[in-house]
Amino acid sequence: MGNLIVFLAGAGQASSAWNEQVRRLPEYQSLALAATDLTEGPFSMDAAVEGLQRQILETGAESVTLIGLSLGGMIATRYAATHPEMLAGLLLSGSQIRPNPTLMSIQRGIMRLIPARMLPLPQGLDKPAFLQLLDAAGHTDLSDDLSGIEAPTLVLCGTKDRANLGAAKQLARQIPEAELRLITGGGHELATDAPDEFADAVSTLLNRQE
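Bear in mind that the values here come from a model prediction, so they are computed numbers and not experimental data.

**Student:** Can you break down the pattern of salt bridges residue by residue, with the values?
**Tutor:** Taken as a whole and judged by the stated rule, the model has nine salt bridges. With a shortest N-O distance of 2.6 Å, glutamate 20 and arginine 23 are connected by a salt bridge. With glutamate 20 and arginine 23 both in helix H1 (residues 19-23) and three residues apart, this pair spans about one turn of that helix. According to the relative accessible area criterion, arginine 23 is exposed, its value standing at 55%. One salt bridge in this structure joins aspartate 135 and arginine 112, with 3.3 Å as the shortest N-O distance. Here aspartate 135, found in helix H5 (residues 127-138), pairs with arginine 112, found in helix H4 (residues 101-113); they are 23 residues apart in sequence, far enough to count as distant. Aspartate 135 gets classed as partly exposed once you look at its relative accessible area, which sits at 24%. Through salt bridges that share partners, Glu20, Arg23, Arg24 and Asp196 make up one connected network.

**Student:** Residue-level account of the sheet that holds strand S2 (residues 30-33), with values.
**Tutor:** Ordered by their spatial adjacency, six strands build an open sheet running S2-S1-S3-S4-S5-S6, and the pairing between neighbours is parallel. Pairing within the sheet leaves two strands with one partner each, and these edge strands are S2 and strand S6 (178-183). Going from strand to strand, the sheet's axes swing by 15° on average, the running direction of each strand aside. Sheet topology note: the strand S1 (residues 3-8)/S2 ladder contains four bridges and is parallel. Bridge pairing in S2 places leucine 8 opposite leucine 33. Sitting on the sheet, helix H2 (residues 45-59) touches S1, S2 and strand S3 (63-69), and the angle it makes with S1 is about 145°.

**Student:** How would you sum up a nonpolar patch on the surface? Please name residues and give values.
**Tutor:** A contiguous nonpolar surface patch, about 290 Å² in accessible area, is contributed by Leu103, Ile106 and Ile110. Structurally, the position occupied by isoleucine 106 is in helix H4. On the basis of relative accessibility, which here comes to 48%, the residue isoleucine 106 falls in the partly exposed class.

**Student:** Give me the nonpolar core: which residues, what numbers.
**Tutor:** Counting 48 residues, the largest nonpolar core has Val6, Leu52, Ile56, Leu66, Leu71 and Ile75 as its most contacted members. Core analysis: the second largest hydrophobic core is formed by 19 residues, Ile5, Leu25, Leu190 and Ala191 among them.

**Student:** I'd like a description of the packing of aromatic side chains, backed by residues and values.
**Tutor:** All told, the structure shown has two aromatic pairs when counted by the stated rule. The interplanar angle of 40° and the centroid separation of 5.1 Å between the aromatic rings of phenylalanine 7 and tryptophan 18 together place this pair among those described as tilted. Here the residue phenylalanine 7 occupies a position in strand S1, and tryptophan 18 occupies one in the loop between S1 and H1, the gap between them amounting to eleven residues. An identical accessibility class is assigned to phenylalanine 7 and tryptophan 18; each is buried. Aromatic pair tryptophan 18 and phenylalanine 198: ring centres 5.6 Å apart, planes at 50°, arrangement tilted. Taken together, the positions of tryptophan 18 in the loop between S1 and H1 and phenylalanine 198 in helix H8 (residues 195-209) put the pair 180 residues apart, joining distant regions of the chain.

Conventions and cut-offs
- Residues numbered from 1 in each chain as written.
- Predicted model: local features only at pLDDT ≥ 70, side-chain atom pairs only at ≥ 80, totals over all residues.
- Heavy atoms only, no water.
- Salt bridge = Lys/Arg side-chain N within 4 Å of Asp/Glu carboxyl O.
- Helix = DSSP H or I, 4+ residues; strand = E, 2+ residues; numbered from the N terminus.
- Buried < 20%, exposed > 50% of the residue type's maximum accessible area, 1.4 Å probe, protein only.
- Pairing = 2+ DSSP bridges.
- Axes fitted to C-alpha atoms, helices over the stretch in contact; angles between N-to-C directions.
- Contact = heavy atoms within 4.5 Å.
- Patch = residues over 30% accessible without salt bridge, like charges linked within 9 Å, V, L, I, M, F, W, Y side chains within 5 Å.
- Areas by Shrake-Rupley, 256 points an atom, 1.4 Å probe, with all protein chains shown as cover.
- Core = buried A, V, L, I, M, F, W, Y, C linked by side-chain atoms within 4.5 Å.
- Phe/Tyr/Trp six-rings, centres within 6.5 Å; stacked < 30°, edge-to-face > 60°.

Geometric descriptors of this kind do not, in isolation, establish any biological role.
In structure tokens form, the structure reads like this:
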């Protein structure tokens, strides 16, 4: 099959969040996944990486380009470190290395207080599952994963995504083949906030792989 492009959504997103980006790549084999598509039982980072590898191998792909947003970016980073033999390229958008534990605790506390019907969650993602995703992200530290990632890497962050700007710069410094690209005026969900700029970044990464 050759190379497969896998889009990994953030914690509160469905895989359909990637529809526009997938549409722009008709000549490539691609797969869009939500975090909850990766595990059958309780969510953990290790289980998500195992599930991702299983789904990639089921397609018959010989290599993979991973494109991840937020939690999807964290999963992609861990996969890149644990399966370097499969990785052709990596794009991380609005991602983190070790989320601030205080901020994550406050976020989870607020989310627990909000009635489920008021949370803007996609169909198929309920509040307990969403909180489980936040808990997993909050307890993940990818610091030791970065230096071993050797594939071409592009790190994106919107200039309005202040919570993740610091992590984006650190990712670009510590991943050996990484390039940082800041999207002026962009927010956290760049694939939908700035679809043209995001698609251009994907094209840049794919060209670097050739």
